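Summary of the model geometry
Spelled out from the first residue to the last, the chains are:
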Amino acid sequence: MNEIVIERATDEDAAEILVLQRCCWVSEAISNNSMDIPPLHEDLPTVRAWVQESTVWTARRGSRLAGAVRGTADGTAWQIGRLMVAPDLAGNGLGRRLLQHVEQNAPEHITRFELFTGSRSLRNIRLYTRAGYSQLPPDPSHIPGVVYLSKPNAINSD
């Protein structure tokens, strides 16, 4: 995966991100036995909006979009989401690289990283726990069937 280039996403990337997102979240829907997964229902204007409002990175292998991830500041938390890797490239470390990249590029005031995934998305949960994330205790505000994880920002923790 050394030939992968990670760059900030632009509005021109939004259509490709949408296609990749749908490809990636079909397996999540199957694993979690639910088609009620927001990434499967977003449209191009929605993806364009979060590309403009959040900090989004793309990972390209040549001209091909191989992955993407976004980060959004919420107070002192860096909300990490839409971490995606093309299904045929999964398992080669690109997801880990994207996760590290989004963490390393968090704004200076960020003290913790937060993310969530489906409770049956075992591959994702394994990736996140290996990266130092811990599952948060259940909370009434949490979406049913979703696991919430967090870890301190080692550079600037509470």
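All of the points below concern the structure found in this document.

Rules and cut-offs
Residues numbered from 1 in each chain as written. Predicted model: local features only at pLDDT ≥ 70, side-chain atom pairs only at ≥ 80, totals over all residues. Heavy atoms only, no water. Helix = DSSP H or I, 4+ residues; strand = E, 2+ residues; numbered from the N terminus. Rg over C-alpha atoms; globule rule 2.2 N^0.38 Å. Buried < 20%, exposed > 50% of the residue type's maximum accessible area, 1.4 Å probe, protein only. Pairing = 2+ DSSP bridges. Contact = heavy atoms within 4.5 Å. Axes fitted to C-alpha atoms, helices over the stretch in contact; angles between N-to-C directions.

Details of the overall build of the protein chain
Counting secondary structure elements, the protein chain contains four helices and seven strands. Taken against the 2.2 N^0.38 rule, which gives 15 Å for 158 residues, the C-alpha radius of gyration of the protein chain at 15 Å falls within 12% of a compact globule. The principal-axis extent of the C-alpha atoms belonging to the protein chain is close to 40 × 35 × 30 Å. Looking at the protein chain as a whole, 46% of its 158 residues are labelled buried.

Quick notes on the sheet that holds strand β4 (residues 77-85)
Here seven strands make up an open sheet; going across it, the order is β1-β2-β3-β4-β5-β7-β6 and the pairing mixed. Looking at the sheet topology across the chains shown, the edges are occupied by β1 (4-8) and β6 (134-135). As judged from the seven bridges shared by strand β3 (residues 64-74) and β4, these two strands associate in the antiparallel manner. Note that in β4 the partner of D74 across the bridge is A77. Helix α1 (residues 14-31) contacts β2 (55-61), β3, β4 and β5 (112-118) of the sheet and is inclined by roughly 85° relative to β4.

A look at unusual backbone geometry
Even without being glycine, R82 reaches a positive phi, approximately 50°. Position of R82 relative to the elements: it lies in strand β4. With a relative accessible area of 12%, R82 lands in the buried category.

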